[in-house]
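Structural characterization, general
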Amino acid sequence: MTFQAWGWRREEASQVLAWVPDAEGGRGAAMSRRTPATKDPTAVERANLLNMAKLSIKGLIESALSFGRTLDSDYPPLQQFFVVMEHCLKHGLKVRKSFLSYNKTIWGPLELVEKLYPEAEEIGASVRDLPGLKTPLGRARAWLRLALMQKKMADYLRCLIIQRDLLSEFYEYHALMMEEEGAVIVGLLVGLNVIDANLCVKGEDLDSQVGVIDFSMYLKNEEEIGNKERNVQIAAILDQKNYVEELNRQLNSTVSSLHSRVDSLEKSNTKLIEELAIAKNNIIKLQEENHQLRSENKLILMKTQQHLEVTKVDVEAELQAYKHSRQGLDEMCNEARRQLRDESQLRQDVENELAVQVSMKHEIELAMKLLEKDIHEKQDTLIGLRQQLEEVKAINIEMYQKLQGSEDGLKEKNEIIARLEEKTNKITAAMRQLEQRLQQAEKAQMEAEDEDKKYLQECQSKSDSLQKQISQKEKQLVQLETDLKIEKEWRQTLQEDLQKEKDALSHLRNETQQIISLKKEFLNLQDENQQLKKIYHEQEQALQELGNKLSESKLKIEDIKEANKALQGLVWLKDKDATHCKLCEKEFSLSKRKVNEHHCRNCGEIFCNACSDNELPLPSSPKPVRVCDSCHALLIQRCSSNLP
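What counts as what
Each chain has its residues counted from 1, running along the sequence as written. Where totals are concerned, whole chains, interfaces and linings use all residues; where local detail is concerned, this predicted model gives features only for residues with pLDDT of at least 70, and gives and counts side-chain atom pairs only at 80 or more. Water and hydrogen atoms play no part in the side-chain values, which are based on all heavy atoms of the structure. Helix numbers and strand numbers start at the N terminus; a helix is a DSSP run of H or I with at least 4 residues, a strand a run of E with at least 2. Relative accessibility decides the category of a residue: with a 1.4 Å probe and only protein chains considered, values under 20% of the type maximum give buried, values over 50% give exposed, and everything between is partly exposed. Contact criterion: two residues are considered in contact whenever any of their non-hydrogen atoms come within 4.5 Å of each other. Per-residue and other accessible areas were derived by the Shrake-Rupley procedure at a 1.4 Å probe size, with only the shown protein chains allowed to occlude residues. Salt bridge, as used here, is a side-chain nitrogen of Lys or Arg placed within 4 Å of a carboxyl oxygen of Asp or Glu. Interaxial angle, 0 to 180 degrees, is taken between N-to-C directions of lines fitted to C-alpha atoms, where a helix line uses only the stretch in contact. By definition in this entry, angles of less than 35 degrees are roughly parallel, angles greater than 145 are roughly antiparallel, angles of 65 to 115 are roughly perpendicular, and the rest are oblique. Here the nonpolar group is Ala, Val, Leu, Ile, Met, Phe, Trp, Tyr, Cys and Pro; Asp, Glu, Lys and Arg are the charged ones; every other residue, Gly included, is treated as polar. Nonpolar cores are built from buried Ala, Val, Leu, Ile, Met, Phe, Trp, Tyr and Cys residues. Side-chain atoms within 4.5 Å join them into one set. Any two cysteine sulfur atoms within 2.5 Å of one another count as a disulfide. Ring geometry is summarised as follows: Phe, Tyr and Trp rings, the Trp one being its six-membered ring, pair when their centres sit within 6.5 Å, and such pairs are stacked at plane angles under 30 degrees, edge-to-face over 60 and tilted between the two. Known as pLDDT, the predictor's confidence for each residue is given on a scale from 0 to 100. Surface patches are defined over residues having more than 30% relative accessible area and no salt bridge, joining like charges when they lie within 9 Å and nonpolar side chains (Val, Leu, Ile, Met, Phe, Trp, Tyr) when within 5 Å. Neither His nor the chain ends is counted toward charge; the positive residues are Lys and Arg and the negative residues Asp and Glu. A charge is said to be at NZ when it belongs to Lys, at CZ for Arg, at CG for Asp and at CD for Glu. In protein, a polar contact requires one atom able to donate a hydrogen and another able to accept it; more generally it is a pair of N or O atoms within 3.5 Å, and residues adjacent in sequence count only if both atoms are side-chain atoms.

Quick look at the overall build of the protein chain
Each helix and strand in the protein chain was counted, giving 18 helices and 6 strands. For the protein chain, buried positions account for 34% of its 644 residues. By sequence separation, contacts in the protein chain at least 24 residues apart represent 74% of the contacts at least 6 residues apart. Of the roughly 41,100 Å² of accessible surface on the protein chain, a fraction of 52% belongs to carbon and sulfur atoms.

Quick look at the structure:
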């Protein structure tokens, strides 16, 4: 068989034949081609394993599509695929030391998938429950077969590759799973989702299998070159299917996330509406309480004002009554002064008569004894009057001290009391003068006793008249005593009224303090009302923002639905059907058709080189691929809108 008969696969197979690791992951024997001495041997190993993985995955997909039904465990390309995957996973494994031997197995990193991907727990549990598996290598082989049947091998290994910190415990730094070649192999494994496999793992002896790569099945003859167009069509169909599946997965995930966001926003909106209703009810209650407090405050103010007016009227009336009573007392004092003047005149007349009637001493002796008795009684009465006057003075002093702290109206009362004290002082002075005159009269009487005896008889008649006058004076003294008692009682009533006024003033002060406290509470309620109003406005603004966000999210959902509808109708356009560019409508020439026309990996249409000179990473491919100008702008807009 010549070099041309092998076809295009000969070149790739020759690169892999240069160096292939053996079943235990060590260095294999050197083949016909050797790598230059300058290259890193680990890099060469990774490149050879990557090429081998490409050949095995591509051959498995092509043969499975041509086979046309589900694959079983006896299918040779499938067996070779598992052998190649085993070699890729074993590359760069660290040696685990145990008590008896050195262990080197791929089951350790595959067990990590259960922690990183929760859906892989079923595979791990089923692999551990298999009765025929005794070695970790057999469990790893069973795990690979079950992952292929689930069509999630690429997802599981992608989770492993992302967590390089965990993989560093099992692999060396230069291992295939730690470098970019591992990510490329995981991207190629996405195409295996087209294959349907039905593998019986339970009865198969996976512990003792020998993993040897058969390169003969990857070398093709000239007959297989004729099927190139069919393979291209199959590859295009597979690419389109993978592309549509990835798009559907992405759209379903975005729609589910948007639905969850909408539900959470609706729940939060209902909660905020309920809180708003509660806040409004509280505000209404506080406003009602505020109105009630205002009305009660007004009533209290009206009552206090009325009470103050009534007390003012009562005080004015009492002051007027006090003034009238003081006027009566002044009149009584004036009358007493007049009587004292009359008495002094009478005494002077008596002295004159005594001087004239010295010769009548003998007749007047009896009258004089009686007069002495009367004088002693009058002296006793005068002493009692002095005591009463002293008591009145003490009472006046106490009243003066008590009335010093009263209001301006009580000062007038103090002035009147001072006037009365002056009047009483004048009365005491007059009484003292009378006593002096009496003493002088006594002396004159002692001198005129001898002469008075002679004129006793003449004086008896005059003494009767004098006794009448003295009785009248005694009656006047009784009236004065009664007037003093009345004044005492009136002063007691004044003291009681003053105490009542003080109590009323203290009560009014308490009421004013209560009014001040009510004002403070009213101000506090006003502050709380303002705070509640601020909270209400803030909650209204938050609701408006939530409404805007809901409307934006609904618009985004509609846009995504429209994009999904548009994408569901997309078809991978064939090269034969494309005659001109989709955007600029430039016709493709027959000579430079392959150079000018390119498929957009996003929409599937064919464009010229100028209209498709953009590259972006898509979900279907880990590396950036060619995208048209319109899809490029749309994808960038979506990425910018998804960013926070």
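Past the structure itself, the notes keep going.
Section: the pattern of salt bridges
Across all of its chains, the model carries 9 salt bridges by this definition. Here Glu86 ties to Lys90 by a salt bridge, and the two come within 3.0 Å at their closest N and O atoms. Here the residue Glu86 and the residue Lys90 both occupy positions in helix H4 (residues 76-90), the gap between them amounting to 4 residues, near one helical turn. Accessibility assignment for this pair places Glu86 and Lys90 in one class, buried. Here Glu111 makes a salt bridge to Arg128, at a shortest N to O gap of 3.8 Å. Highlighted residues: Glu111 in helix H5 (residues 107-116) and Arg128 in helix H6 (residues 121-129), separated in sequence by 17 residues. When salt bridges with common partners are traced through the structure, they connect Glu86, Lys90 and Arg141 into a single cluster.

Looking at unusual backbone geometry
Leaving glycine aside, a negative phi is the common case for residues, and trans is the common case for peptide bonds. Despite not being glycine, Lys151 has its phi angle at roughly 65°, a positive value. On the secondary structure map, Lys151 appears in the loop between helix H7 (136-150) and helix H8 (153-162). Residue Lys151 is classed as partly exposed on the basis of its relative accessible area, which comes to 29%. With a phi close to 60°, Glu585 is a non-glycine residue in the positive phi region. Tracing the chain through its elements places Glu585 in the loop between helix H16 (456-568) and helix H17 (593-596).

So, the packing of H5 against H6
Here H5 crosses H6 at 135°, and the two axes come no closer than 8 Å. Taken together, H5 and H6 sit at an angle that is classed as oblique. Only Glu121, Gly124, Ala125, Val127 and Arg128 of H6 make contact with H5, whose side of the interface consists of Trp107, Glu111 and Glu114. Class assignment of the residues belonging to the contact of H5 with H6 gives a composition of 3 nonpolar, 1 polar and 4 charged.

Regarding the nonpolar core
Within the largest apolar cluster, 66 residues are counted, with the highest numbers of intra-cluster contacts made by Leu78, Phe81, Trp143, Tyr171, Leu189 and Leu192. Examining the composition of this core, we find that 9 residues originate from one element, helix H3 (residues 41-67), more than from any other. Within the second largest apolar cluster, 16 residues are counted, among which are Phe588, Ile606, Cys608 and Cys631.

Side note on the state of the cysteines
Throughout the structure, instances matching the rule amount to 0 disulfides. Left unpaired, Cys584 is separated from the closest cysteine sulfur, that of Cys581, by 3.6 Å. For Cys584, a relative accessible area of 41% corresponds to the partly exposed category. The thiol of Cys628 is unpaired, and the distance to the nearest cysteine sulfur, on Cys631, comes to 3.3 Å.

Thoughts on the environment of Ile427
Along the chain, the position of Ile427 falls in helix H14 (residues 408-447). Owing to a relative accessible area of 23%, Ile427 belongs among the partly exposed residues under this scheme. For the pair Ile427 and Leu389, spaced 38 residues apart in sequence, the C-alpha to C-alpha distance is 9.8 Å.

Looking at the environment of Ile213
One can find Ile213 in the loop between helix H10 (180-189) and helix H11 (222-225). Note on Ile213: relative accessible area 13%, which makes it buried. Considered as a pair, Ile213 and Val83 are 130 residues apart in the sequence and their alpha carbons are 6.6 Å apart.

Overview of the packing of aromatic side chains
Scanning the model with the defined rule gives 3 aromatic pairs in all. An angle of 55° between the planes, with centres 5.6 Å apart, marks the rings of Phe81 and Phe82 as tilted. Where Tyr117 meets Tyr156, the ring centres are 5.2 Å apart and the plane angle is 70°; that geometry is what we call edge-to-face. Residue Tyr117 is found in the loop between H5 and H6, and its partner Tyr156 is found in helix H8; the two are separated by 39 residues along the sequence.

Points about the confidence of the model for the protein chain
On average, residues of the protein chain score 76 in pLDDT, and 80% of them are at 70 or above. Contacts for the low-pLDDT stretch residues 1-37, under 50 throughout, to residues beyond four places or in other chains number 62 contacts.

Quick look at a negative patch on the surface
A grouping of Glu372, Glu442, Glu449, Asp450 and Glu451 is seen on the molecular surface, where their side chains present a negatively charged patch. In terms of residue count, helix H15 (residues 449-454) provides more of the negative patch than any other element does, 3 residues in total. Locating Glu451 in the fold gives a position in helix H15. Take Glu451: its relative accessible area is 36%, and that puts it in the partly exposed class.

Some words on H5
With 7 of 10 residues buried, H5 lies mostly within the body of the structure. Packed against the buried residues of H5 are H6, H7, H8 and helix H9 (164-167).

What about the side chain of Arg141?
By the secondary structure assignment, Arg141 is in helix H7. Separated by 2.7 Å, the side chain of Arg141 and the backbone oxygen of Leu206 make a polar contact.

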